[in-house]
Amino acid sequence: MQDPGQSRHIVTKKGGDAFTDDPNDDLIRLIIPHTLQKQLIDDHTRIKEGKLYNLPKKPTAGDILERFLATKREEEQGNSCEDAILSEMVRGLKTYLDSGLGMILLYPEEFEQFDRFRAERPNVPPCELYGIEHLLRLVVKLPTLLENARMHPDSALHLHPRLLELLRFFERNARSFFLHS
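Residues numbered from 1 in each chain as written. Predicted model: local features only at pLDDT ≥ 70, side-chain atom pairs only at ≥ 80, totals over all residues. Heavy atoms only, no water.

What follows concerns the packing of aromatic side chains. For the structure shown, the criterion picks out two aromatic pairs. Aromatic side chains Phe-68 and Phe-169 sit 5.4 Å apart centroid to centroid with 65° between the ring planes, which places their arrangement in the edge-to-face category. Taken together, the positions of Phe-68 in helix H2 (residues 61-76) and Phe-169 in helix H6 (residues 153-172) put the pair 101 residues apart, joining distant regions of the chain. A centroid spacing of 5.6 Å and a plane angle of 50° characterise the contact between Phe-169 and Phe-177, whose relative ring orientation is tilted. Under the relative-accessibility criterion, Phe-169 is labelled buried at 2%. Aromatic ring contacts, followed pair by pair, group Phe-68, Phe-169 and Phe-177 into a single cluster. (Phe/Tyr/Trp six-rings, centres within 6.5 Å; stacked < 30°, edge-to-face > 60°. Helix = DSSP H or I, 4+ residues; strand = E, 2+ residues; numbered from the N terminus. Buried < 20%, exposed > 50% of the residue type's maximum accessible area, 1.4 Å probe, protein only.)

Here you go:
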């Protein structure tokens, strides 16, 4: 397993633009803002020092995604097409987090805590236990996950700008989402 903290600079997939027009290149390229890169580094350092996050984290990843969705709905004011796309994106991110957390998003130091919470709360999905740090780790890995899922180019085209909006949302709300020592 690759250390999640190693994906700090730019998350990319083929091509030099944010999204390429090549029909054979249906991958998303995300440039992680510097402030979020710093959060990833701080997260990595914290975990490697043995300082695990208290669970359930507040706000949870699920709370953050629902807040993002509510904010976008308010901005879009009844655009049902946009609402459907955003709702599907949020559902998908929750599903990826819930199903992939133990396999691809945790540092080795976090496995014991994950197993303990899974045993104590078997019906609570990880998106309701973990917070922004793990959600950001997921977004960093998302281009690779979507490549492996063989996402259709049209879907990637629709998803890309919304993922960039999500990263900006993380950045705008960093003070309330990230743990500060």
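Bringing the side chain of Lys-94 into the picture now. Within the secondary structure layout, Lys-94 lies in helix H3 (residues 80-105). Here Lys-94 is in contact with Gly-62, Leu-65, Glu-66 and Cys-127, once residues within four sequence places are set aside. (Contact = heavy atoms within 4.5 Å.)

Looking now at the pattern of salt bridges. Across all of its chains, the model carries 13 salt bridges by this definition. One salt bridge in this structure joins Lys-72 and Glu-75, with 2.7 Å as the shortest N-O distance. Of the two residues, Lys-72 and Glu-75 both sit in helix H2, three residues apart, roughly one turn of that helix. Residue classification places Lys-72 among the buried residues on the basis of a relative accessible area of 8%. Judged by its relative accessible area of 47%, Glu-75 is partly exposed. Between Glu-88 and Arg-91 there is a salt bridge, and its shortest N-O distance comes to 2.8 Å. In this pair, Glu-88 and Arg-91 are both assigned in helix H3, three residues apart and thus about one turn of the helix distant. In this structure Glu-88 comes out as partly exposed when scored by relative accessible area, which is 46%. (Salt bridge = Lys/Arg side-chain N within 4 Å of Asp/Glu carboxyl O.)

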